[in-house]
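Residue-level listing of the chains:
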Amino acid sequence: MKKSLSKLRNTLYVSCNILELLMAFVVLIAIIIAGFSLGDAFLTFWHDCFSNEAFLTFVGSVFNILIGIEFLKMLCQPSEDTVLEVLMFLVARHMIIEPSTVYENLVTIISIGLIFAIKKYFNFPSKKGSGDMFSNTESEEQKEESL
């Protein structure tokens, strides 16, 4: 009985991984389609380059693609770093694209600071040489020397 339950759990786990990869593939296709539609937003901005609205529309499209890419990375390699990067892009997009009040901007800035504080003080292990904004490029020897 325990073997059959264990086998069923393993089968479900593998099925979930396959479904997760399938969803990642669907997101990849959506990112590629959104990348092609970026040309229309750029042409609109190019023809009306002095309009703030055209620029914000173009930057909003770019942010949407970037958030999609970060989300895809999170689906393919789930980790604390990728989740925090997705949150960082979402918060930055909200602050830059959406019209907001002074208080909303303050909350946005505080939330960005909290994201960096979470990363620093919870000390999630990061992959060496990953090159993302949260990667820890300082070696263990450099850390010991600074202490």
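For the structure, check the block above.
Computed from a predicted structure; not experimentally measured.

Novice: Got a minute to help me understand the nonpolar core in this structure?
Specialist: A41, F45, A54, F58, V59, F63, I67, F89, A92 and I97 together form the largest nonpolar core, which totals 10 residues. Those elements that provide at least two residues to this core are helix 1 (2-47), helix 2 (52-76) and helix 3 (80-97). Of the residues forming this core, the biggest block, five residues, is contributed by helix 2. Once you skip the residues sitting within four places of it in the chain, F58 turns out to touch L38, A41, F42 and F45. Counting residues in hydrophobic clusters, the runner-up holds six residues, among them A24, V27, I65 and L75.

Novice: Where do I start with helix 3 in this structure?
Specialist: Count 3.6 residues to each turn of an α-helix, and residues three or four apart come out pointing the same way. Taking 1.5 Å of rise per residue, 18 residues should cover 26 Å, and helix 3 covers 26 Å from first to last C-alpha, within 8% of that figure. The set of residues buried in helix 3 consists of D81, T82, L84, E85, V86, M88, F89, V91, A92, R93 and I97. The inward-facing, buried residues of helix 3 abut helix 2 and helix 4 (102-122).

Novice: Explanation requested: the pattern of salt bridges in the structure shown.
Specialist: A side chain with one charge can pair with a side chain of the opposite charge if their charged atoms come near. Under the criterion given, the structure shown has four salt bridges. The residue K73 makes a salt bridge to E70 at a minimum N-O spacing of 3.4 Å. Taken as a pair, K73 and E70 lie in helix 2 at a separation of three residues, close to a single helical turn. Residues E98 and R93 are paired through a salt bridge, measuring 3.3 Å at the closest nitrogen-oxygen approach.

Novice: What am I meant to see in helix 4 here?
Specialist: Look at helix 4: 30 Å from first C-alpha to last across 21 residues, which is about the 30 Å you get at 1.5 Å a residue. Along helix 4, the residues classified as buried are T108, I112, I115 and K119. Summarising the axial view, the buried residues of helix 4 lie within an arc of 50°, below the 170-degree limit, and thus occupy one face. Facing away from the buried surface of helix 4 by more than 90 degrees, the exposed residues are V102, Y103, V107, L114, K120, Y121 and F122.

Novice: I tried to follow the packing of helix 1 against helix 2 on my own but got confused; where do I start?
Specialist: Helix-helix packing: each pair is described by the crossing angle between the helix axes and the interaxial distance. Two numbers describe how helix 1 lies on helix 2: the axes approach to 9 Å, and their chain directions differ by 165°. Classified by the angle their axes make, helix 1 and helix 2 are roughly antiparallel. The handedness of the crossing between helix 1 and helix 2 is left-handed. The residue makeup of the contact of helix 1 with helix 2, split by class, is 20 nonpolar, four polar and one charged.

Cut-offs used in this document
- Residues numbered from 1 in each chain as written.
- Predicted model: local features only at pLDDT ≥ 70, side-chain atom pairs only at ≥ 80, totals over all residues.
- Heavy atoms only, no water.
- Core = buried A, V, L, I, M, F, W, Y, C linked by side-chain atoms within 4.5 Å.
- Buried < 20%, exposed > 50% of the residue type's maximum accessible area, 1.4 Å probe, protein only.
- Helix = DSSP H or I, 4+ residues; strand = E, 2+ residues; numbered from the N terminus.
- Contact = heavy atoms within 4.5 Å.
- Expected span 1.5 Å × (residues − 1).
- Salt bridge = Lys/Arg side-chain N within 4 Å of Asp/Glu carboxyl O.
- Arc of directions from axis to C-beta.
- Axes fitted to C-alpha atoms, helices over the stretch in contact; angles between N-to-C directions.
- Parallel < 35°, antiparallel > 145°, perpendicular 65-115°, else oblique.
- Left-handed = near helix turned anticlockwise from the far one by under 90°.
- Nonpolar A, V, L, I, M, F, W, Y, C, P; charged D, E, K, R; others polar.

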